[in-house]
Amino acid sequence: MKSGTVAVIGKANAGKSTLINVLVGEKVAIVSPKPQTTRDRILGILTREQSQIVFMDTPGIYKSRNTLTERMMKTTETTSKDVDVILYVHDGHAGVSEEDLALMKKYFSFGIPMLIAYTKIDIMPKDRIPSDAVRISEAGIEADVYPVSARKGKNIRALEAGLTALLPEGEALFSEDVVSDRSERFMIAELMREKILLKYEEEIPHGVAIIVNAFQKRENGTYEINLDIVCEKQNHKAILIGKQGAALKEASSFARKDMEKFLGAKVFLTTYVRVREDWRNSVGLLKELGYGETES
């Protein structure tokens, strides 16, 4: 069978996590329209009768502004050099800039087979696709371009076939019933963070981390979950909580519904907001909050 790893690389907001979720057929990564939604390398595993693709969703390429984003970029760089295939995800709706071409060239230069997923074709003029593909080719990037829409499911299976063709022959890396390497506890924290990203504006969502204090399944099958929402400033805490706790209650209710869908059981969720000043620049706090330094 064909089996191997695929690093999913691209600028922030290119649609990497959405594309992986659609390819795998289950939610294995959170999504939002904000940059830095993905902070860790997350595996999404697609198993067919004759193939297994292990997708590695990486943090979006983004200018580093603190220790956390520096580590996120290191995760992306390290992952892209130790895989069988690179899937470079490009937001076609945004056009193709010189910066985009430079990034594509950088990853193509690693000498690893590469494909380009040209995303969001459902919200852009179709006649622009051929000229953008020619521009990429003329820049010396010898990688097949697959115009796709994850939201509409367009050309997804063609992209899967293209990736499968580039994988080496080998045994499956995971059993066929596994779709991600991440624990339920990790996904619960990510679902809470996703709802904060969707509900709150400006810088506040990016300065938030989630700590799972308790994750317990009761005898009756329900779950008892206790979370800390960690932010950087007292005024951010006030905004997260909202007037008489309304904002926090709404975000928590929103998250709880997705947690129940994910776990297939009723969830009793308790959330608290804590302040840890400037945690994104503190090596000690990053480690404590689960963002330890990436191995080189």
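A short tour of the structure in this document, coming up. (Residues numbered from 1 in each chain as written. Predicted model: local features only at pLDDT ≥ 70, side-chain atom pairs only at ≥ 80, totals over all residues. Heavy atoms only, no water.)

1. Looking at the sheet that holds strand 4 (residues 85-91)
Item 1. If you trace the six strands from one edge of the open sheet to the other, you get 2-3-1-4-5-6, paired in mixed fashion. Either end of the sheet is taken by a strand with one partner, and the two such strands are strand 2 (42-47) and strand 6 (145-147). Ignoring strand direction, the axes of neighbouring strands in this sheet form an average angle of 25 degrees.
Item 2. Docked against the sheet, helix 1 (residues 16-24) engages strand 1 (2-9), strand 2, strand 3 (51-57), strand 4 and strand 5 (114-119), running at close to 160 degrees with respect to strand 3. (Pairing = 2+ DSSP bridges. Helix = DSSP H or I, 4+ residues; strand = E, 2+ residues; numbered from the N terminus. Axes fitted to C-alpha atoms, helices over the stretch in contact; angles between N-to-C directions. Contact = heavy atoms within 4.5 Å.)

2. Structural notes on the pattern of salt bridges
Item 1. Following the criterion strictly, the structure yields 18 salt bridges and no others.
Item 2. We note a salt bridge from E99 to K11, for which the minimum N-O separation is 3.5 Å. Taken together, the positions of E99 in helix 3 (residues 98-108) and K11 in the loop between strand 1 and helix 1 put the pair 88 residues apart, joining distant regions of the chain.
Item 3. K11 sits in the partly exposed class, given a relative accessible area of 26%.
Item 4. Notably, a salt bridge pairs R193 with E190, separated by 3.1 Å at the nearest N-O pair. With R193 and E190 both in helix 6 (residues 184-199), this residue pair falls three residues apart, about one helical turn.
Item 5. Residue classification places R193 among the buried positions, given a relative accessible area of 1%. (Salt bridge = Lys/Arg side-chain N within 4 Å of Asp/Glu carboxyl O. Buried < 20%, exposed > 50% of the residue type's maximum accessible area, 1.4 Å probe, protein only.)

3. Some remarks on the environment of S253
Item 1. Secondary-structure assignment places S253 in helix 8 (residues 246-263).
Item 2. Taking C-alpha positions, S253 is 9.7 Å from M192, a pair spaced 61 residues apart along the chain.

4. Observations regarding the pairing of strand 8 (residues 223-231)
Item 1. Buried residues dominate strand 8, accounting for eight of its nine residues.
Item 2. Here strand 7 (residues 209-217) pairs with strand 8 via eight bridges, running antiparallel. Following the sheet pairing, A214 is matched in strand 8 by N226.
Item 3. Two successive antiparallel strands, strand 7 and strand 8, enclose a turn made up of five residues, where G221 displays a positive phi of approximately 95 degrees.
Item 4. In this sheet, strand 9 (residues 267-275) lies alongside strand 8 in parallel orientation, the contact comprising nine bridges. Residue V230 lies in a different strand from strand 9, and its bridge partner there is R274.

Honestly, it's all geometry; don't read function into it.
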